[in-house]
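These are the residues of each chain, in order.
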Amino acid sequence: MTDLGARFPAKVTFHDGCHGLRELGNKKPARDLLAKVRELELIEMRDAETCCGFGGTFAAKFPMISTAMGEVKCSSAAETGAEYIVSNDSSCLMHVQGLLDKQGKKMKTIHLAEILTGK
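Since this is a predicted model, take the numbers as computed values, not measurements. (Residues numbered from 1 in each chain as written. Predicted model: local features only at pLDDT ≥ 70, side-chain atom pairs only at ≥ 80, totals over all residues. Heavy atoms only, no water.)

Draft legend 1. Broad picture of the overall build of the protein chain. From N to C terminus, the protein chain includes 6 helices and 4 strands. In the protein chain, the succession of helices and strands from N to C terminus is β-α-α-β-α-α-β-α-β-α. Relative to the 2.2 N^0.38 estimate, which gives 14 Å for 119 residues, the radius of gyration of the protein chain is 14 Å and therefore close to what a compact globule would have. Seen through its principal axes, the protein chain has C-alpha atoms that stretch 40 × 30 × 25 Å. (Helix = DSSP H or I, 4+ residues; strand = E, 2+ residues; numbered from the N terminus. Rg over C-alpha atoms; globule rule 2.2 N^0.38 Å.)

Spelled out as structure tokens, the structure:
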């Protein structure tokens, strides 16, 4: 089932968290779900499969590298003109939103489940 009857009138781009993408090989399922959301426009970002730099303890052990990787992800997302970065990885969303806020960007992050449930 891919159509949950969701509606989200916005332009979004999707960030693939490393666990889902690399360990589980799940690139397509989230996009299939987003394709059925009414009034949602999905715009793929350049280098969509690039890590955001969070990686659990990686961010704590290598903060400068983590920040630089996250800034690249934020830049790629901003180039799309999307209003939201969607992901199914809460850690990535927290990291990226912190960087967006620090940069004074208006773009927001949102979990895939929030879009699908309308919350």
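Draft legend 2. Expanded view of the nonpolar core. Within the largest apolar cluster, 15 residues are counted, with the highest numbers of intra-cluster contacts made by Phe 8, Leu 34, Val 37, Leu 40, Val 86, Leu 112 and Ile 115. Contributions of two or more residues to this core are made by β1 (7-14), α2 (28-35) and α6 (112-117). Per element, the largest residue contribution to this core is 4 residues, and it comes from β1. Sequence-distant contacts of Val 37, defined by excluding residues within four places in its chain, comprise Ala 6, Arg 7, Phe 8, Ile 115 and Leu 116. Within the second largest apolar cluster, 14 residues are counted, among which are Ala 82, Val 96, Leu 99 and Met 107. (Core = buried A, V, L, I, M, F, W, Y, C linked by side-chain atoms within 4.5 Å. Buried < 20%, exposed > 50% of the residue type's maximum accessible area, 1.4 Å probe, protein only. Contact = heavy atoms within 4.5 Å.)

Draft legend 3. Geometry of helix α5 (residues 90-103). Taking 1.5 Å as the rise per residue, α5 with 14 residues should run 20 Å; its terminal C-alpha atoms sit 20 Å apart, in good agreement. Residues of α5 that are buried include every one of Cys 92, Leu 93, His 95, Val 96, Gln 97, Leu 99 and Leu 100, and no others. Its buried side turned inward, α5 meets α4 (63-79), β3 (84-87) and β4 (108-111). Measuring from the backbone nitrogen of Ser 91 back to the side-chain oxygen at the start of α5 gives 2.9 Å, which picks out Asp 89 as the cap. Downstream of α5 by a residue or two, Gly 104 has a phi angle that is positive, lying close to 75°. (Expected span 1.5 Å × (residues − 1). Polar contact = N/O pair within 3.5 Å; in protein donor to acceptor, adjacent residues only side chain to side chain.)

Draft legend 4. Summary view of the environment of Ala 113. Among the structural elements, Ala 113 can be located in helix α6. Judged by relative accessible area, which is 37%, Ala 113 ranks as partly exposed. Counting along the chain gives 54 residues from Ala 113 to Ala 59, while the straight-line C-alpha distance between them is 25 Å.

Draft legend 5. Spotlight on the pairing of β3. Of the strand pairs in this sheet, β1 and β3 are connected by 3 bridges, and their pairing is parallel. What sits directly across from Val 12, in β3, is Tyr 84. Judged from the 4 bridges that link them, β3 and β4 form a sheet pairing that is parallel. In the strand pairing of β4, Ile 85 is matched with Thr 109. Assessed by its sense of winding, the connection that carries the chain from β3 through α5 to β4 is right-handed. (Pairing = 2+ DSSP bridges. Right-handed = clockwise from strand over helix to strand, strands pointing away.)

These figures come from the coordinates and say nothing about function on their own.
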